[in-house]
Amino acid sequence: MALVNVVNMMVVDNPASFLSPFSFEITFECLQELSDDLEWKVLYVGSAEDTKYDQVLDEILVGPIPVGINKFVLTADPPDIAQIPEGDVLGVTVVLVTCS
(Lines give C-alpha, C1' and ligand atoms only; values in the text may rest on other atoms or scores of the structure.)
Protein backbone atom coordinates (compact mmCIF):
# COMPACT_ATOMS: atom_id res chain seq x y z
CA MET A 1 0.00 0.00 0.00
CA ALA A 2 1.33 3.41 -0.95
CA LEU A 3 1.89 5.97 1.79
CA VAL A 4 1.64 8.88 -0.67
CA ASN A 5 -1.05 9.24 -3.33
CA VAL A 6 -1.00 11.93 -6.00
CA VAL A 7 -4.52 13.37 -5.97
CA ASN A 8 -4.13 15.92 -8.78
CA MET A 9 -1.46 17.38 -11.03
CA MET A 10 -2.23 20.47 -13.09
CA VAL A 11 0.04 21.97 -15.73
CA VAL A 12 0.21 25.71 -15.05
CA ASP A 13 0.40 28.10 -18.03
CA ASN A 14 -0.78 25.56 -20.57
CA PRO A 15 -0.23 26.04 -23.48
CA ALA A 16 3.16 27.71 -23.29
CA SER A 17 6.18 28.38 -25.45
CA PHE A 18 8.71 25.53 -25.81
CA LEU A 19 11.33 27.69 -24.12
CA SER A 20 9.12 28.56 -21.13
CA PRO A 21 9.68 26.86 -17.78
CA PHE A 22 7.42 23.95 -16.85
CA SER A 23 5.20 24.53 -13.85
CA PHE A 24 3.07 21.88 -12.15
CA GLU A 25 0.63 22.33 -9.28
CA ILE A 26 0.79 19.03 -7.42
CA THR A 27 -1.72 17.90 -4.79
CA PHE A 28 -0.93 14.74 -2.88
CA GLU A 29 -2.15 12.89 0.19
CA CYS A 30 0.19 11.53 2.85
CA LEU A 31 -1.42 8.65 4.75
CA GLN A 32 1.04 8.42 7.64
CA GLU A 33 4.15 10.13 9.01
CA LEU A 34 7.21 9.76 6.80
CA SER A 35 10.74 9.46 8.18
CA ASP A 36 12.30 10.92 5.00
CA ASP A 37 11.62 13.79 2.62
CA LEU A 38 9.98 13.10 -0.74
CA GLU A 39 12.15 13.49 -3.84
CA TRP A 40 10.31 14.94 -6.85
CA LYS A 41 11.93 14.85 -10.28
CA VAL A 42 10.98 16.33 -13.68
CA LEU A 43 12.40 14.35 -16.61
CA TYR A 44 12.18 15.38 -20.28
CA VAL A 45 12.46 12.50 -22.77
CA GLY A 46 14.47 13.95 -25.64
CA SER A 47 14.21 10.91 -27.92
CA ALA A 48 12.20 7.70 -27.89
CA GLU A 49 15.18 5.98 -29.52
CA ASP A 50 17.87 6.55 -26.85
CA THR A 51 17.79 7.44 -23.15
CA LYS A 52 21.06 9.37 -23.47
CA TYR A 53 18.95 12.32 -24.65
CA ASP A 54 16.82 12.36 -21.48
CA GLN A 55 17.22 15.52 -19.42
CA VAL A 56 16.54 15.87 -15.70
CA LEU A 57 15.04 19.35 -15.58
CA ASP A 58 14.76 19.57 -11.80
CA GLU A 59 15.07 17.49 -8.64
CA ILE A 60 13.82 18.71 -5.28
CA LEU A 61 13.33 17.34 -1.79
CA VAL A 62 10.07 18.23 -0.06
CA GLY A 63 9.66 17.68 3.65
CA PRO A 64 8.85 17.20 6.38
CA ILE A 65 5.46 16.10 5.10
CA PRO A 66 2.44 16.37 7.41
CA VAL A 67 -0.24 13.68 7.29
CA GLY A 68 -3.17 14.75 5.11
CA ILE A 69 -3.61 16.67 1.85
CA ASN A 70 -0.60 18.74 0.72
CA LYS A 71 -0.09 21.03 -2.28
CA PHE A 72 2.89 22.77 -3.86
CA VAL A 73 4.04 24.18 -7.21
CA LEU A 74 7.04 22.52 -8.90
CA THR A 75 8.74 24.69 -11.51
CA ALA A 76 11.51 23.42 -13.79
CA ASP A 77 13.63 25.02 -16.49
CA PRO A 78 12.78 24.10 -20.09
CA PRO A 79 14.87 21.43 -21.82
CA ASP A 80 18.14 22.36 -23.52
CA ILE A 81 17.19 22.21 -27.20
CA ALA A 82 20.86 21.63 -28.13
CA GLN A 83 20.69 18.22 -26.39
CA ILE A 84 17.68 17.03 -28.42
CA PRO A 85 18.33 15.27 -31.75
CA GLU A 86 17.30 17.46 -34.68
CA GLY A 87 14.72 14.93 -35.88
CA ASP A 88 13.04 14.83 -32.45
CA VAL A 89 12.72 18.55 -31.73
CA LEU A 90 9.24 18.73 -33.27
CA GLY A 91 8.23 15.14 -32.54
CA VAL A 92 6.12 13.61 -29.81
CA THR A 93 7.77 13.59 -26.39
CA VAL A 94 7.12 12.88 -22.73
CA VAL A 95 7.64 14.92 -19.58
CA LEU A 96 7.68 12.68 -16.50
CA VAL A 97 7.13 13.90 -12.95
CA THR A 98 8.18 11.27 -10.44
CA CYS A 99 8.10 11.01 -6.66
CA SER A 100 10.12 8.65 -4.48
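See the structure printed just above.
Summary of the structure given here. (Residues numbered from 1 in each chain as written. Predicted model: local features only at pLDDT ≥ 70, side-chain atom pairs only at ≥ 80, totals over all residues. Heavy atoms only, no water.)

Some words on the overall build of the chain
What counts here: Only runs of H or I of at least four residues qualify as helices and only runs of E of at least two qualify as strands under DSSP, and these elements are numbered from the N terminus. We call a residue buried when its accessible area falls under 20% of the maximum for its residue type, exposed when it is over 50%, and partly exposed in between, using a 1.4 Å probe and counting protein chains only. The criterion used for residue contact is that any of the two residues' heavy atoms lie within 4.5 Å.
Counting secondary structure elements, the chain contains zero helices and six strands. Along the chain direction, N to C, the helices and strands of the chain fall in the order β-β-β-β-β-β. Dimensions along the principal axes, computed over C-alpha positions, put the chain at roughly 45 × 25 × 20 Å. Going through the 100 residues of the chain one by one, you find that 25% of them count as buried. Put simply, of all contacts in the chain between residues at least 6 apart along the chain, 64% involve residues at least 24 apart.

Topic: the sheet that holds strand E5 (residues 68–76)
Put simply, the rule is: Strands are labelled as partners when DSSP assigns at least two bridges between them. What counts as an axis is a line fitted to C-alpha atoms, over the stretch in contact for a helix, and the angles between N-to-C directions run from 0 to 180 degrees.
An order of E1-E2-E5 is seen for the three strands of this open sheet, with the pairing classed as antiparallel. Across the chains shown, the open sheet's two edge strands, defined by having one partner strand only, are strand E1 (4–11) and E5. Here the strands of the sheet are splayed against their neighbours by 20° on average, with no regard to which way each runs. Pairing geometry for strand E2 (residues 22–30) and E5, over nine bridges, is antiparallel.

Things to note about the environment of Phe 24
As for its position among the elements, Phe 24 is in strand E2. Along the chain, Phe 24 and Val 4 lie 20 residues apart, while their C-alpha atoms are 17 Å from each other. With residues up to four places along the chain from it excluded, the contact list for Phe 24 reads Met 9, Met 10, Val 11, Val 12, Val 42, Phe 72, Val 73, Leu 74, Val 95 and Val 97.

Description of the nonpolar core
We apply this condition: We define the nonpolar core as a collection of buried residues of types Ala, Val, Leu, Ile, Met, Phe, Trp, Tyr and Cys that are connected through side-chain atoms lying within 4.5 Å of one another.
Core analysis: the largest hydrophobic core is formed by 15 residues, its most contacted members being Ile 26, Phe 28, Trp 40, Val 42, Ile 65, Phe 72 and Leu 74. At the level of elements, E2, strand E3 (38–45), strand E4 (55–62) and E5 are the ones that each hand at least two residues to this core. Sequence-distant contacts of Phe 28, that is, excluding residues within four places in its chain, are made with Val 4, Asn 5, Val 6, Val 7, Leu 38, Trp 40, Ile 65, Gly 68, Ile 69, Asn 70 and Phe 72.

Topic: the packing of aromatic side chains
Condition: Working definition: a ring pair exists when centres of Phe, Tyr or Trp rings (six-membered ring for Trp) sit within 6.5 Å. Plane angles under 30 degrees give stacked, over 60 give edge-to-face, the rest tilted.
Tallied over the entire structure, the rule returns five aromatic pairs. Where Phe 28 meets Phe 72, the ring centres are 6.2 Å apart and the plane angle is 80°; that geometry is what we call edge-to-face. One end of the pair, Phe 28, is in strand E2; the other, Phe 72, is in strand E5, with 44 residues separating them in the sequence. Across the pair, exposure class does not vary: Phe 28 and Phe 72 are buried alike. Seen in terms of ring centroids, Trp 40 and Phe 72 are 5.3 Å apart; in terms of plane orientation they differ by 65°. Their pairing is edge-to-face. Taken together, the positions of Trp 40 in strand E3 and Phe 72 in strand E5 put the pair 32 residues apart, joining distant regions of the chain. Ring pairing ties together the aromatic residues Phe 28, Trp 40 and Phe 72, which thus form one cluster.

Re the sheet that holds strand E6 (residues 94–99)
Strand order in this open sheet of three strands is E4-E3-E6, and the pairing throughout is antiparallel. Either end of the sheet is taken by a strand with one partner, and the two such strands are E4 and E6. Ignoring strand direction, the axes of neighbouring strands in this sheet form an average angle of 10°. Note: E3 against E4, seven bridges, orientation antiparallel. The residue of E4 that forms the bridge with Trp 40 is Ile 60.

That is the geometry; function is a separate question.
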